[in-house]
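Now for the letters of each chain:
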2 protein chains.
Amino acid sequence: MATAWRLFYRDGLRIVGIDTILAEAGVAKMTLYNHFASKEELIIAILEKRDLEFRASLMDRVKAAGADPTQRLLAVFDWLEDWFASEGFKGCVFIRAVSEYPDPAHPIHQTAWRHKVAVKAALTDLCAAAGARDPAALGETLSLLIDGAIVTAHATQSTAPARSARATAAALLQLAQTSAT
Amino acid sequence: MATAWRLFYRDGLRIVGIDTILAEAGVAKMTLYNHFASKEELIIAILEKRDLEFRASLMDRVKAAGADPTQRLLAVFDWLEDWFASEGFKGCVFIRAVSEYPDPAHPIHQTAWRHKVAVKAALTDLCAAAGARDPAALGETLSLLIDGAIVTAHATQSTAPARSARATAAALLQLAQTSAT
DNA sequence: GCCGCAATATACAGACCTGTCTATTTTCTT
DNA sequence: AAGAAAATAGACAGGTCTGTATATTGCGGC
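About the thresholds
Residues numbered from 1 in each chain as written. Chains lettered and ligands numbered in written order. Predicted model: local features only at pLDDT ≥ 70, side-chain atom pairs only at ≥ 80, totals over all residues. Heavy atoms only, no water. Core = buried A, V, L, I, M, F, W, Y, C linked by side-chain atoms within 4.5 Å. Buried < 20%, exposed > 50% of the residue type's maximum accessible area, 1.4 Å probe, protein only. Contact = heavy atoms within 4.5 Å. Salt bridge = Lys/Arg side-chain N within 4 Å of Asp/Glu carboxyl O. Helix = DSSP H or I, 4+ residues; strand = E, 2+ residues; numbered from the N terminus. Phe/Tyr/Trp six-rings, centres within 6.5 Å; stacked < 30°, edge-to-face > 60°. Lys NZ or Arg CZ within 6 Å of the ring centre and 35° of its normal. Domains from an automatic or database assignment. Buried area = accessible area lost by both parts, 1.4 Å probe. Polar contact = N/O pair within 3.5 Å; in protein donor to acceptor, adjacent residues only side chain to side chain. Nonpolar A, V, L, I, M, F, W, Y, C, P; charged D, E, K, R; others polar. Near = heavy atom within 4 Å. Least-squares fit on C-alpha atoms with pLDDT ≥ 70 in both. Axes fitted to C-alpha atoms, helices over the stretch in contact; angles between N-to-C directions. Parallel < 35°, antiparallel > 145°, perpendicular 65-115°, else oblique.

If you look at the biggest cluster of nonpolar residues, it comprises 120 residues, and the most contacted ones within it are Trp 83 of chain A together with Trp 83 of chain B. Ignoring sequence-local partners within four residues, the contact set of Trp 83 of chain B consists of Tyr 9, Phe 54, Phe 89, Gly 91, Cys 92 and Ile 150 of chain B.

On to the pattern of salt bridges. For side chains bearing opposite charge, pairing can occur when the charged atoms are close. Across all of its chains, the model carries 24 salt bridges over all chains by this definition. Across the salt bridge formed by Arg 10 of chain A and Asp 11 of chain A, the nearest N and O atoms sit 3.2 Å from each other. Of the charged contacts, one joins Arg 61 of chain B and Asp 82 of chain B as a salt bridge, the two residues approaching to 2.8 Å between their closest N and O atoms. Taken together, the residues Arg 61 of chain B in helix H4 (residues 39-64) and Asp 82 of chain B in helix H5 (residues 69-85) connect sequence positions 21 residues apart.

Bringing the packing of aromatic side chains into the picture now. Tallied over the full model, the rule gives 16 aromatic pairs over all chains. Ring geometry for Trp 83 of chain B against Phe 84 of chain B: centres 5.9 Å apart, planes inclined by 40 degrees, an arrangement best described as tilted. A single burial state applies to Trp 83 of chain B and to Phe 84 of chain B, both of which are buried. Among the aromatic residues, ring-to-ring pairing joins Phe 54, Trp 79, Trp 83, Phe 84, Phe 89 and Phe 94 of chain A into one connected group. If you follow Arg 14 of chain B out to its NZ or CZ, it ends over the ring of Tyr 101 of chain B, 4.1 Å from the centre.

Residues and elements named next belong to chain A. Taken as a whole, chain A is organised into domain 1 (1-35) and domain 2 (47-178). A C-alpha centroid distance of 28 Å is found between domain 1 and domain 2. On the side of domain 2, eleven residues touch domain 1, which itself brings eight residues to the contact. Buried surface at the junction of domain 1 and domain 2, both sides included, amounts to about 930 Å², of which 52% is carbon and sulfur. When the area that domain 1 buries against domain 2 is broken down by residue, the three leading residues are Tyr 9, Leu 13 and Arg 14, summing to 67%. Scanning the region where domain 1 abuts domain 2 turns up zero salt bridges. Put simply, domain 1 and domain 2 have six residue pairs in polar contact (both at pLDDT 80 or more) between them. When its residues are assigned to classes, the side of domain 1 that touches domain 2 shows four nonpolar, one polar and three charged.

A separate point is the protein's contact with DNA strand D. The environment of DNA strand D is formed by 16 residues, the closest being Thr 31 of chain A together with Ile 18, Asp 19, Lys 29 and Lys 39 of chain B. Within 4 Å of the protein, the atoms of DNA strand D are drawn from sugar and phosphate moieties in a proportion of 55%. In this structure, Ile 18 of chain B approaches DNA strand D through a main-chain N or O atom, which is 2.6 Å from a phosphate oxygen. Residue Lys 29 of chain B places a side-chain N or O atom 2.6 Å away from a base oxygen belonging to DNA strand D. The set of elements that each furnish at least two residues to the surface near DNA strand D consists of helix H3 (29-35) of chain A together with helix H2 (18-25) and helix H3 (29-35) of chain B. In terms of residue class, the surface near DNA strand D is made up of seven nonpolar, six polar and three charged.

Looking now at the relation of the copies chain A and chain B. Once chain A is rotated about the relating axis by 180 degrees and shifted along it by 0.0 Å, it coincides with chain B to within an RMSD of 0.0 Å. The transformation just described matches what one would write down for a two-fold rotation axis. Taking the C-alpha atom as reference, chain A places Gly 148 of chain A closest to the rotation axis, 2.1 Å from it. Taken together, the interface assignments show that 100% of the residues at the interface of chain A recur at the interface of chain B, consistent with an identical surface on both copies.

Once that is clear, we can look at the packing of H5 of chain B against helix H9 (residues 160-178) of chain B. All names here are of chain B. Orientation of H5 relative to H9, taken along the N-to-C sense of each, is 170 degrees, at an axis distance of 9 Å. By the angle class used here, H5 and H9 are roughly antiparallel. Facing H5, whose interface residues are Thr 70, Leu 73, Leu 74, Phe 77, Asp 78, Leu 80, Glu 81 and Phe 84, H9 presents Pro 161, Ala 162, Arg 163, Ala 165, Arg 166, Ala 169, Ala 170, Leu 173 and Gln 177. Among the residues forming the contact of H5 with H9, the class breakdown is eleven nonpolar, two polar and four charged.

Okay, here's the thing in structure tokens:
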């Protein structure tokens, strides 16, 4: 549900009520509850859908960066900067879901974090392709850097963190490449 | 209010109701509303109190690390690891507040972020003392790294991100020191 | 001893929330 | 065209929330 996504992302998962979404979308309550057993299931479905769209968008940008593995990795940060600059940017819904449902055993918390694990795996692949000495370690580090940049960009409404992270990533990658062999 | 802090941190700012806090603390409603005009003011007061305690605790650890500026900077990450390992660790309340109140104009959002700005300033000082070429840039980067590590440690219930961040910080600091002069 | 302040218990208003139920209308399939 | 499936409107239950009002109790200072 596009409306649900928009409101959840704009205002927060907990604060937005079912009624609000239904009223704005012009959908009856029973229609929703015939597809999803609860608000929680709706949120999980939306998170999973966003996960796929998100990673697809990122990978498109990586592919568009060409064949050079270093450029492909750095394209991630250019993509970040565009995202930060986009209208209505309010941080990462997955980080926010983890924050709103702080119990690690909660289904929403776990679903949200699976997205981050998948992104980290993709980063690790890019690091490996770029010839990093320890792709897993660099992937982990870049993942931390990116999450920090997302939170900071959200709170400060600035795109600067993307460039900071990009510069750091470039330095770390060079370090991991040169000290190899 | 210690009880309010405990519940807010454990379960979330939005989900915990005034009544719950009052019942658990054994305090009457009017007592609360004589001190704070609203739940929002209570949250802001708690955040500001936590900000001071938090930074004091961090700075204690830095002081305990001795005089060597590099060791002092790295002590931040040891402190992080202890924090991640502590009982009931549920991430950073300031990051979570920003996530729960995503509107950057919201007083709670702004109050929470002031804490992060203060921490970054302290980091920048440590970077400068350690002889980094561009202390502001390194402080910014370490800040991103730390925020990412906090979120990741929360979601994965692991202390590993502290060590990843520490190793990265050490590498970046060395880079910033050697390429100086 | 007494005054004044602060905390208390309790009830309440008004709004919101999720999820259920019923009965009707629309839409799709065959 | 007819029957089945899905969407609709709308009321409802039972609970939650914040914030207010009232009337009572405890307690420290002088």
